[in-house]
Protein chains: 2
Amino acid sequence: MITGKNYIGQQQSAKGSKTYKTFNPLLNAENEAKFTEATTEEINDALQLATDAFVEYKSTSGAKKAEFLNAIADEILALDDKLISTYCSETGLPEGRAKGERGRTVGQLRSFADLVKESSWVEATIDTAQPDRQPMPKSDIRKLLVPLGPVVVFGASNFPLAYSTAGGDTAAALASGCPVIVKSHPMHAGTGELVASAIVTAAEKTGMPNGIFSNINSSGIDVGAQLVKHPQVKAVGFTGSIKGGRALYNMAAERKEPIPVFAEMGSINPVVMLPEALKQRGDDLAKTYAGSITLGTGQFCTNPGLILGLKSDELSQFINTLSDEIVKIEPSCMLHPNIHNAFQKNKEKIISQSYTELVAYYTDDVKTNHASQAILTVDGDTFLNNTTLHQEVFGPFSVVVQCKDTKQLETIISHLEGQLTGTVISDSGEIDKYPAVISALQNRVGRLIFNGVPTGVEVCPSMVHGGPYPSSTDSRFTAVGIHSIKRWVRPFSYQDWPNNLLPDELKKENPLGISRLVNNNQTKAPIK
Amino acid sequence: MITGKNYIGQQQSAKGSKTYKTFNPLLNAENEAKFTEATTEEINDALQLATDAFVEYKSTSGAKKAEFLNAIADEILALDDKLISTYCSETGLPEGRAKGERGRTVGQLRSFADLVKESSWVEATIDTAQPDRQPMPKSDIRKLLVPLGPVVVFGASNFPLAYSTAGGDTAAALASGCPVIVKSHPMHAGTGELVASAIVTAAEKTGMPNGIFSNINSSGIDVGAQLVKHPQVKAVGFTGSIKGGRALYNMAAERKEPIPVFAEMGSINPVVMLPEALKQRGDDLAKTYAGSITLGTGQFCTNPGLILGLKSDELSQFINTLSDEIVKIEPSCMLHPNIHNAFQKNKEKIISQSYTELVAYYTDDVKTNHASQAILTVDGDTFLNNTTLHQEVFGPFSVVVQCKDTKQLETIISHLEGQLTGTVISDSGEIDKYPAVISALQNRVGRLIFNGVPTGVEVCPSMVHGGPYPSSTDSRFTAVGIHSIKRWVRPFSYQDWPNNLLPDELKKENPLGISRLVNNNQTKAPIK
C-alpha cells in the first residue's frame, strides 16, 4: 500500500502539513494517494541517521554490500504488478516500458553487487617499504578508494526506476559504501515509495544499519535545496534539466565546504549525416530517425534533436522522407501535463521564428497530453546566429541544419555546447574525408556513435553517459555503468599502518584475492 | 639568461607595462631581473595557441609524449647551476633542498613518461558486439580516458620546482594530452622562466605543436582571474592558500561552463599521541616532532600544526621536552618577507589570546626574514570553542591540545576541517583501543600515518596528497603520484566505430599491448 509518507531511515514519517498527489497523464486526472512533503526536522533526522550509519557502512565488506544490493533487486521484483501498475499510472508509459526499465534497474543493482563482491574496483595500490633506501628510508604506503559519505540522489522524471529511487546513482552510491538520501521525484512519488520500501526491507533483511537509506518527499524546490546545503551531505547525484542541475551545482559550490555534484542534464545529441550515406540509403535513414526521434515520446536524454548535413539534393530528399515518415507515427502520451506544456511552449517558440522552416508537424487530432512531433530545418548561418536553436526541446522534435560546406559543418559542431552523444552516419570509408569534423565532434561529446542512433544507452563497463558541460557538470565521470561508482569515492592512503588494522583489500595476505598494483606490478598474489 | 618575458607558446613576449622583481629573503634585497606581467592580448594568444595545439596533441601517441616529458627532464638538468642559484636567490632555501627538489621534479616527469609510454593508464574498456542478442542486438562499445583540453597551472610558493612550472600538475597534464598554461609564481619568476625555457626547448626538440605550453608572468590576482575565467581553459590546478584556492574555485564554478579546479590548500595535519607511546618514548617523539615542525622552516603543506593527546603527566612531560628541543633549533629563513610577515601576524594573533598558553618561543636574536618557532598548548574545551586554533599558521608552529578524555579527542577530530594527513603515534597494540578515534580521523584526512611524521610526501602510485575540503577542493583525486593524471581526463566511448579509426588503445589488434578490460576480463590479448 502506498502511504504517502517519507522513509526516514527505516521509519515511515509524515510530520509535515504540505501534501501533493501524482498525476495520470493518460486519464488526465490526479492519482489517489496523497504524499506528505518532508519537514526540516525529518531532513535533519535522515542526515543524522545517515551520518551515524556511515560509520559502520563505510567498512562493511563487499560481500555484505552485494547481499544488500541483490536483496534490493529481489524486493523490487517482489513488488510485481503493484509496481508496474503504479509506474504506468504515474507516467502514462506502457507496461512494456515499465517492465523493461525494471529489468534494467534490477540488472544495474546486480552488476554493482558483482563488482563489490569481487572487490578489485577499489584500485588497491601498494608500495612496500624500503627501510635501507638512501638517502631516506621509504615507508610502506597502501591506497584504496573509500566512500565520501552521505549522498543525495535526485530522481529523474523520465526514468522512474532506472535513474530514480534505486536507479544507477543510488546503486553506485550504496555499492561504494555511501548512505543514500533520495529526493523522490514528485511526478512518480508512488513508484518511488514502493521502491523505497523494497530498499528498506532489503536493508532490514540483510542487517544493514538504519539510516543507510531515506526517501524524502517533496513537490517544490525547497526540500532539495535544504538537502544540497546540508553540512552532513557529501555529494549529490541529479538527472534532469539544465536549469535544475545548474541550480543545485551552484548551491553546492557556494557551501562553506563545497561538495561534488554530478548532474546529468540536457543534450541535443547532434547527428552528422555524410553525403554518400544519404545518397545510398537516405530513405532508410529517414525511417530509422523518425523512430529514434519519437521513441519514448522523445523523452530520452539521448534523443537526436539536431541533424547536421551538407546542403544538397540528397539532404533535401532525406528531409522530405523524414517528414513523411514522422507524421505517420501515432503521437504518444508525455509523462505529465507540465512536461507536455513545456514541450508545446518550447516547440512553438522555435517554430514561430521567421528564420525556421517547419517541414513536418503532426496536426491530426491529438489526445490530451500527447505530443505532436515536429521537424524543422534551417541553413547553417541561421543556426550559428540563433542559439535558441542550440537548446534542447524535450520531446519528439528535431532540427535539420543544411550546412553550406564542410568548414561550416565543423564550425557549427565547435560552437555547440557539450553533448552526451554525437553520431556520424557514413558510407564505408567516407568518414576518412572528414577528420576535422570528427575531431571537433569528439571535443564536444561523451560518446561517439557510428551508423546508429543515439537513443538506447547500453548498461556496460565501456559506456560513457555524461560529457562536457552542460550535458553533465563533471565530464570526468560517467553516470552509467560500473565505473559510475567513482563519482562517490576518494582515494585514501595508509602509511606504515599495522597489517591487522588495514582493510582486507590492502592486507599483505590479500584475503579477498583481488587484483592490486603492488610495486607497480598488477597482481593477485599476496605480499611476502 | 633571464629575460623577464612571458612564453606565449614558443615565443618570448613582453607587451605589457607592469613589471616586478623577485626577492632574496636571505639578503633582504630584490633580485635584478625585471619581469613583465602578461597582457590580456598575450593571455588570449596563449589560449588560442593551446586550443589549436590540442587538436594535434590530444591524439599524440604515448611514446611521443614520453619523449617530450623525458626531454623536459633532460633540459631541466641541463640548466645546471644556473637553475640552482636562481632557485636559492628567490627562496632563501639551501642548495641541498634545491637539488633535492630538482631530483623530485625530474623523477615525476620521468614517471609520467613511463606511464604514458606503457599506455595502460587510459583504462581501455571494451564490450564487443552481440548482434544476435534478444530482444535487441548489442553494439560494440569501447571506452578510454581522453584529455580535457587546455589546463592552467598555478605554481606554489613553497615548491618552486616540484609543484610549479614543470611540477606535478604540469607533468600530469602534459602526460594526459592537455596543453598547459602556467601562471608563474611571482616569488620565483626567474626559476619559473628557466624551467619554462627547458619545456619550450624540449617541445621544439621533440616536435610538439607550438602552444602546448605557455608561461604567464603576473604579480597580482588579475591575470590569474582572467585565466580561470577564460572560455578556452578547461581545468585548473593550484597549490597554495585556502583563500587563493577558494577564490579560483568560486570563479570557475561561476563560469557559464564551470570547469574543474583541483586546489591543494591548507592543512594542520593532526597528530594523535596515544598515552602508552608517550610513556614509552615521549622524549624521542618530542625530538622527532621538533624536527618535523621546523623542517623547511615549517613551510610544508604537511607540517604538523596540531598535536592531540590525553591530559596526563606523560603529555605534560612531552610538551616540556618538545619545548626544550624546538628552541634548540636555529631559526631558518622563510621564502619571502610577505610569508614571514604573515607568519608573525598569524602566530602573534593566537599567542595573544588569553586562552592559549605559550610553552616555547625562540627569542634569541633572529635574522631578518627568519622564523621564530613557537609551541602553544590549550585544553580540549578551549580548542573546540575557538576555531581560530583550527586554522593553519604557515611556518614552524604547532598547538598541543590536552583532551580531557577519549570522547573529547574523538569529538575534536570530528570537528576538524578536512586535512591532507592524520598521524597516530601508538605503542604496539595500543591503537586497537581507539577504534572511534581512528574512524573519525579517517573521515577527515587523505592519508593516515602510523608512528611517523606527516612531513615527507613520497612520490609513488600509492600516495594520496589531497583530502576532504579545505585540504583540497576535490577529494576524489590526488595531486601526487601517477594517478594524479586522472584530474585532467574524462572517459570517452566509441560505439560501433570503425577499427582503423579507433585510437590504438582500443583497436582489436591491441597494437600497444596494453592491459584492457575486454568483456569484463582484464587482458592484454588482442580481440579475435
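From a predicted model like this one, the values you see are computed outputs, not experimental measurements. Per chain, the residues get numbers from 1 upward, laid out in the order the sequence is written. Chain A is the first chain written and ligand 1 is the first ligand written, with later ones labelled in order. At least 70 in pLDDT is required for a residue's local features to be given in this predicted model, at least 80 for side-chain atom pairs to be given and counted, and no such filter applies to totals for whole chains, interfaces and linings, which use all residues. Side-chain figures throughout are based on the complete set of non-hydrogen atoms in the structure, without hydrogens or water.

A. Focus on the state of the cysteines. Residues and elements named next belong to chain A. In what follows, a disulfide is any cysteine sulfur pair within 2.5 Å. Considering all chains together, one arrives at zero disulfides over all chains under this definition. Here Cys460 is not cross-linked by a disulfide; its sulfur's nearest cysteine counterpart is in Cys301, at 15 Å. Taking the relative accessible area as the measure of exposure, Cys460 reaches 6% and is therefore buried. Three labels apply to residues, based on accessible area from a 1.4 Å probe with only protein chains included: buried if under 20% of the type maximum, exposed if over 50%, partly exposed otherwise in between.

B. Structural detail: the interface of chain B and chain A. Every residue pair with non-hydrogen atoms within 4.5 Å of one another is taken to be in contact. With 69 residues of chain B in contact, the opposing surface of chain A contributes 70 residues. Criterion for a salt bridge: a side-chain nitrogen of Lys or Arg within 4 Å of a carboxyl oxygen of Asp or Glu. Joining chain B to chain A, the criterion identifies eight salt bridges. With a shortest N-O distance of 3.2 Å, Lys486 of chain A and Glu123 of chain B are connected by a salt bridge. Polar contact criterion, stated in full: a pair of N or O atoms within 3.5 Å, where within protein one must be able to donate a hydrogen and the other to accept it, and residues adjacent in sequence count only if both atoms are side-chain atoms. Where chain B meets chain A, there are 48 residue pairs in polar contact (both at pLDDT 80 or more). By the criteria applied, helices consist of DSSP H or I runs no shorter than four residues and strands consist of E runs no shorter than two, each listed in order from the N terminus. Of all the secondary-structure elements, those providing two or more residues to the side of chain B that touches chain A are α1 (40–57), β5 (125–127), β6 (141–147), α7 (242–254), α13 (435–444), β18 (445–450) and β19 (489–495) of chain B. Ranked by residues supplied to the side of chain B that touches chain A, first place goes to β19 of chain B with seven residues. At least two DSSP bridges between two strands are required for those strands to pair. In terms of strand pairing, strand β18 (residues 445–450) of chain A meets β19 of chain B through three bridges, oriented parallel. Residue pairing in the sheet places Arg447 of chain A in a bridge with Ser493 of chain B of β19 of chain B.

C. Local environment of the domain arrangement of chain A. Residues and elements named next belong to chain A. The domain architecture assigned to chain A consists of domain 1 (7–12 + 35–123 + 148–265 + 476–487) and domain 2 (270–450). For the domain bounds, the source is a domain assignment made automatically or taken from a database. Taking only C-alpha atoms into account, the centre of domain 1 sits 33 Å from that of domain 2. If you look at the interface, domain 1 gives eleven residues, while domain 2 gives eleven residues. A quick way to say it: buried area is the sum, across both parts, of accessible area lost when two parts are put together, with a 1.4 Å probe. Across the domain 1/domain 2 interface, buried area totals approximately 940 Å², and carbon plus sulfur atoms make up 66% of it. Contact with domain 2 buries surface across domain 1, with Asn158, Met187 and Glu264 losing the most and accounting together for 43% of the total. Seen at the junction of domain 1 and domain 2, the total is one residue pair in polar contact (both at pLDDT 80 or more).

D. Representation of the side chain of Thr455 of chain B. All names here are of chain B. In this structure, Thr455 sits in the loop between β18 and β19. Here Ser292 takes part through its side chain, which lies 2.9 Å from a polar atom of the side chain of Thr455. Dropping the residues within four chain positions of it, Thr455 is found in contact with Ser292, Leu295, Phe300, Thr302, Asn303 and Pro304.

E. Expanded view of the pairing of strand β4 (residues 29–36) of chain A. Residues and elements named next belong to chain A. Judged from the five bridges that link them, strand β3 (residues 19–24) and β4 form a sheet pairing that is antiparallel. Paired with Phe23 across the two strands is Glu30, which belongs to β4. Hairpin connection from β3 to β4: four residues lie between these consecutive antiparallel strands, with Asn28 at a positive phi of about 55°.

F. View of helix α4 (residues 168–176) of chain B. Most of α4 of chain B is tucked away, with nine of its nine residues classed as buried. Taken from the residues just after α4 of chain B, Gly177 of chain B is the one with a positive phi, measuring 110°.

G. Structural view of the environment of Leu278 of chain A. All names here are of chain A. With respect to the helices, strands and loops of the structure, Leu278 is situated in helix α8 (residues 275–294). Given the relative accessible area of 5%, Leu278 is considered buried. Each C-alpha atom of the pair Leu278 and Val223 lies 50 Å from the other, and the pair is 55 residues apart in sequence. Leu278 has contacts with Met273, Leu285, Glu314, Leu315 and Phe318, leaving out every residue within four places of it along the chain.

H. Inspection of the relation of the copies chain B and chain A at higher detail. Copies are brought into register by a least-squares superposition over C-alpha atoms of residues with pLDDT of at least 70 in both. Overlaying chain B with chain A gives an RMSD of 0.0 Å, the required rotation being 180° about an axis along which the chain moves by 0.0 Å. Within this description, the copies of the chain are treated as partners about a two-fold rotation axis. Proximity to the rotation axis, assessed at the C-alpha, singles out Ala253 of chain B in chain B; its C-alpha lies 3.3 Å from the axis. Same-surface contact between copies: 100% of interface residues of chain B are shared with the interface of chain A.

I. Region of interest: the nonpolar core. Grouping buried Ala, Val, Leu, Ile, Met, Phe, Trp, Tyr and Cys residues that are joined through side-chain atoms within 4.5 Å yields what is termed a nonpolar core. In terms of nonpolar packing, the biggest core is built from 222 residues, with Phe68 and Ile72 of chain A together with Phe68 and Ile72 of chain B touching the most fellow members. Setting aside residues up to four positions removed in sequence, Phe68 of chain B forms contacts with Tyr57, Leu174, Ile199, Ala202, Ala203, Thr206, Met208 and Ile212 of chain B. By size, the runner-up hydrophobic cluster in this structure holds 54 residues, among which are Ala38, Ile43, Leu47 and Ala50 of chain B.

J. Representation of the pattern of salt bridges. Residue and element names in this part refer to chain B. A full pass over the atoms with the stated rule returns 44 salt bridges over all chains. A salt bridge links Lys64 to Glu67; the nearest nitrogen and oxygen atoms lie 3.8 Å apart. Of this pair, Lys64 and Glu67 both sit in helix α2 (residues 62–91), three residues apart, which is roughly one turn of the helix. What makes Lys64 partly exposed here is its relative accessible area of 33%.

K. How the structure looks around the side chain of Ser214 of chain A. Residue and element names in this part refer to chain A. Residue position: Ser214 is located in strand β9 (residues 213–216). You can call Ser214 buried: its relative accessible area is 0%. Among the polar contacts made by the side chain of Ser214, one reaches the main-chain amide nitrogen of Gly9 at a distance of 2.7 Å. Residues contacting Ser214, with those up to four places away along its chain left out, are Tyr7, Ile8, Gly9, Ala46, Val180, Ile181 and Val182.

L. Geometry of the pairing of strand β9 (residues 213–216) of chain B. All names here are of chain B. Residues Phe213 and Asn215 line one face of β9 and the alternating positions Ser214 and Ile216 line the opposite face, and both faces are buried. With four bridges joining them, strand β8 (residues 180–183) and β9 adopt parallel strand pairing. Directly across from Val182, in β9, lies its bridge partner Asn215. You can see the chain leave β8, run along helix α5 (residues 189–205) and come back into β9, and the turn it takes is right-handed. When the strands point away from the viewer, a crossover counts as right-handed if the route from the first strand across the helix to the second turns clockwise.

M. Representation of unusual backbone geometry in the model. Geometrically, the link from Tyr469 of chain A to Pro470 of chain A is a cis peptide bond, its omega value of 5° lying close to zero. Of note, Pro470 of chain A is situated in the loop between β18 and β19 (489–495). Backbone geometry places Asn28 of chain A, a non-glycine residue, at a positive phi of 55°. Inspection of the secondary structure assignment puts Asn28 of chain A in the loop between β3 and β4. The class of Asn28 of chain A is partly exposed, set by a relative accessible area of 39%. A positive phi angle, close to 80°, is found at Ser119 of chain B, a residue other than glycine. Mapped onto the elements of the fold, Ser119 of chain B is located in the loop between α3 (95–118) and β5.

N. Geometry of the packing of aromatic side chains. Residue and element names in this part refer to chain A. Classification of ring pairs rests on two measures: the distance between centres of Phe, Tyr or Trp rings, Trp counted by its six-membered ring, which must be within 6.5 Å, and the angle between planes, read as stacked under 30 degrees, edge-to-face over 60 and tilted in between. The tally for this structure, following the rule as stated, stands at 17 aromatic pairs over all chains. Between Tyr57 and Phe68, the ring centres sit 6.4 Å apart and the planes meet at 85°, which makes this aromatic pair edge-to-face. Of this pair, Tyr57 sits in helix α1 (residues 40–57) while Phe68 is found in helix α2 (residues 62–91), placing the two residues eleven residues apart along the sequence. We classify Tyr57 as buried; its relative accessible area is 0%.

O. Examining the sheet that holds β19 of chain B more closely. A sheet is described by the order of its strands in space; here twelve strands give the open sequence β14(A)-β15(A)-β16(A)-β13(A)-β12(A)-β17(A)-β18(A)-β19(B)-β6(B)-β5(B)-β20(B)-β21(B), paired in mixed fashion. Either end of the sheet is taken by a strand with one partner, and the two such strands are β14 (357–361) of chain A together with β21 (521–523) of chain B. The sheet shows a mean angle of 20° between the axes of neighbouring strands, direction not considered. Of the pairings in the sheet, the one linking β14 of chain A to strand β15 (residues 374–379) of chain A comprises four bridges and is antiparallel in character. Bridging across to β15 of chain A, Ala360 of chain A finds its partner in Ile375 of chain A. Those strands touched by helix α13 (residues 435–444) of chain A are β12 (270–273), β17 (419–425) and β18 of chain A together with β6 and β19 of chain B, and its axis lies near 135° from that of β18 of chain A. Axes, fitted as lines to C-alpha atoms, cover a helix only where it is in contact. Angles between the N-to-C directions of the axes lie from 0 to 180 degrees.

P. Focus on helix α6 (residues 222–229) of chain B. Within α6 of chain B the residues assigned to the buried category are Val223, Gly224, Ala225, Leu227 and Val228 of chain B. Where α6 of chain B is buried, its residues meet α1, β7 (151–154), β8, β9, β10 (235–239) and α7 of chain B.

Q. View of the packing of helix α12 (residues 406–415) of chain A against α13 of chain A. Residue and element names in this part refer to chain A. In the contact formed by α12 and α13, the axes pass within 9 Å of each other and the chain directions differ by 10°. Classed by the angle they form, the pair α12 and α13 counts as roughly parallel. Contacts from Thr406, Leu409, Glu410, Ile413 and Ser414 of α12 reach α13 at Ala436, Val437, Ala440, Leu441 and Arg444. Angle categories are assigned with fixed cut-offs, so that under 35 degrees is roughly parallel, over 145 is roughly antiparallel, 65 to 115 is roughly perpendicular, and the rest are oblique.

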